[in-house]
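# What the coordinates show
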Amino acid sequence: MESKVPLAGLRTIPFQSISSFLVIQRGTLFLKDGEIAGPAVSGTFSGEVKLNDRMSRSLLNITAHLTPGPF
């Protein structure tokens, strides 16, 4: 996962596992009860992605609660 804003000095976030419930409805991908676990950070996330014809132009609205270290 790559972040445009460095998180804890990391440009990328290495992870061992990532999971989320996904639903696509009316052109929007909803992420619910997401979990990320890795050696540098772990935590939860949720949000939505308004899907565009070009994925690089899709609008992301994701909230994450991350803590340093493994989950």
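Residues numbered from 1 in each chain as written. Predicted model: local features only at pLDDT ≥ 70, side-chain atom pairs only at ≥ 80, totals over all residues. Heavy atoms only, no water.

### Points about the overall build of the protein
Scanning the protein from terminus to terminus reveals zero helices and six strands. The order of α-helices and β-strands along the protein, N terminus first, is β-β-β-β-β-β. Here the protein, with 71 residues, has 24% of them falling under the buried criterion. Long-range pairs, those at least 24 residues apart, make up 27% of the contacts in the protein with a sequence separation of at least 6. (Helix = DSSP H or I, 4+ residues; strand = E, 2+ residues; numbered from the N terminus. Buried < 20%, exposed > 50% of the residue type's maximum accessible area, 1.4 Å probe, protein only. Contact = heavy atoms within 4.5 Å.)

### Some words on the sheet that holds strand E4 (residues 28–37)
Within the open sheet, the four strands sit side by side as E3-E4-E5-E6. Their pairing is antiparallel. The open sheet has two free edges, formed respectively by strand E3 (17–25) and strand E6 (59–68), since each of these has just one partner strand. For this sheet the average axis-to-axis angle between neighbouring strands, irrespective of direction, equals 10 degrees. As paired elements, E4 and strand E5 (residues 41–50) share seven bridges and run antiparallel to each other. Residue pairing in the sheet places Phe-30 in a bridge with Glu-48 of E5. (Pairing = 2+ DSSP bridges. Axes fitted to C-alpha atoms, helices over the stretch in contact; angles between N-to-C directions.)

### Some points on the confidence of the model for the protein
Summary statistics for the protein give a mean pLDDT of 84 and a share of 82% for residues scoring 70 or more. Ranking the elements of the protein by mean pLDDT puts strand E1 (residues 2–7) last with 54 and E3 first with 95. (pLDDT = per-residue confidence, 0-100.)

### A look at a nonpolar patch on the surface
Side chains of Ile-24, Leu-51 and Met-55 sit close together on the surface and give an oily, nonpolar patch of about 320 Å² of accessible area. Secondary-structure assignment places Leu-51 in the loop between E5 and E6. (Patch = residues over 30% accessible without salt bridge, like charges linked within 9 Å, V, L, I, M, F, W, Y side chains within 5 Å. Areas by Shrake-Rupley, 256 points an atom, 1.4 Å probe, with all protein chains shown as cover. Salt bridge = Lys/Arg side-chain N within 4 Å of Asp/Glu carboxyl O.)

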